[in-house]
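Take a look at the letters that make up each chain.
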Amino acid sequence: MELILRPPTAADEAGCRALPEQLLADDFEFLLADGSWEELPSTVAREAAGIDLAPGRVPADFLRAEVDGQVVGRVSIRHALNDFLRTIGGHIGYAVGPDFRRHGCATEILRQSVTRLNASGVDRVLVTCDDDNIASARTIERCGGVLENIWQPSTDPGNEPVKPKRRYWIG
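Described in the following lines is the structure provided in the data block. (Residues numbered from 1 in each chain as written. Predicted model: local features only at pLDDT ≥ 70, side-chain atom pairs only at ≥ 80, totals over all residues. Heavy atoms only, no water.)

## What to know about the overall build of the protein chain
1) Next: Secondary structure summary: the protein chain contains 5 helices and 7 strands in total.
2) Next: When the helices and strands of the protein chain are read in sequence order from the N terminus, they spell out β-α-α-β-β-α-β-α-β-α-β-β.
3) Next: Of all 171 residues assigned to the protein chain, the portion counted as buried reaches 43%.
4) Next: Considering only contacts in the protein chain between residues 6 or more positions apart, those separated by 24 or more positions represent 60%.
5) Next: Approximately 9,300 Å² of the protein chain is accessible, and the part contributed by carbon and sulfur atoms is 50%. (Helix = DSSP H or I, 4+ residues; strand = E, 2+ residues; numbered from the N terminus. Buried < 20%, exposed > 50% of the residue type's maximum accessible area, 1.4 Å probe, protein only. Contact = heavy atoms within 4.5 Å. Areas by Shrake-Rupley, 256 points an atom, 1.4 Å probe, with all protein chains shown as cover.)

## Things to note about helix H5 (residues 134–142)
1) Next: For H5, the full list of buried residues reads Ser136, Ala137, Thr139 and Ile140. The arc that holds every buried residue of H5, seen down its axis, measures 160 degrees, which confines them to one face. In H5, the exposed positions that point more than 90 degrees away from the buried face belong to Ala135, Arg138 and Arg142.
2) Next: For H5, the elements touching its buried residues are strand S4 (92–96), helix H4 (105–119), strand S5 (125–130) and strand S7 (165–170). (Arc of directions from axis to C-beta.)

## Looking at the packing of aromatic side chains
1) Next: This structure, assessed with the given rule, holds 0 aromatic pairs.
2) Next: In this structure, Arg124 packs its charged tip against the face of Trp169, placed 4.1 Å from the ring centre. (Phe/Tyr/Trp six-rings, centres within 6.5 Å; stacked < 30°, edge-to-face > 60°. Lys NZ or Arg CZ within 6 Å of the ring centre and 35° of its normal.)

## Some remarks on the pairing of strand S1 (residues 3–6)
1) Next: What you see with S1 is a clean split: Leu3 and Leu5 sit on the buried side and Ile4 and Arg6 on the side with no burial.
2) Next: Where S1 and strand S2 (residues 60–67) come together, 4 bridges link them in antiparallel fashion. Residue pairing for S2: Ile4 is matched across the bridge by Glu66. (Pairing = 2+ DSSP bridges.)

## Remarks on the pattern of salt bridges
1) Next: Under the defined criterion, the tally for this structure stands at 10 salt bridges.
2) Next: The partner of Arg64 in a salt bridge is Glu66, with the nearest N and O atoms 2.7 Å apart.
3) Next: Residue Arg64 is classed as buried on the basis of its relative accessible area, which comes to 3%.
4) Next: Measuring nitrogen to oxygen at the nearest pair gives 3.8 Å for the salt bridge that ties Lys163 to Asp132. Placement of Lys163 in the loop between strand S6 (146–151) and S7 and of Asp132 in the loop between S5 and H5 is noted, with a sequence separation of 31 residues between them.
5) Next: For Lys163, a relative accessible area of 44% corresponds to the partly exposed category.
6) Next: The class for Asp132 is exposed, based on a relative accessible area of 54%.
7) Next: Through salt bridges with shared partners, a single network forms among Asp130, Asp132, Lys163 and Lys165. (Salt bridge = Lys/Arg side-chain N within 4 Å of Asp/Glu carboxyl O.)

Below, the structure written as structure tokens:
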């Protein structure tokens, strides 16, 4: 299996439309950007360059993951950590569509994402997952993740429910 990570283009709309609906069942957003599909490539490029970032955002690469031309997932690779990312979100947020799970896609997405961050000068990569997400924890551990702790919310940041998070470092 050759998995390719690349930014979405305007031509990718049809291939990317089904996956967001599948991921919403897991309470996971696919696009992470507002606006029309035609605006997505420029939004992704601006965020990667750190230009006109919305409050609370950091420079990040948003990439679709594909195998044989078919979208299997996506990843957000964050080049810096703010308070929220340092506690809950981490450097990398990835998702794999239900039809493509247990095929090594998540491991390959994470492996390539860590390599990209290392190449950009980030030596220690923080990756988090919900404490009850055993599949994601195993993926992170397969990629060299060492559990630092399990973060327990003491308050409800932003008045939204937050599950305990496993916090791993890959370095």
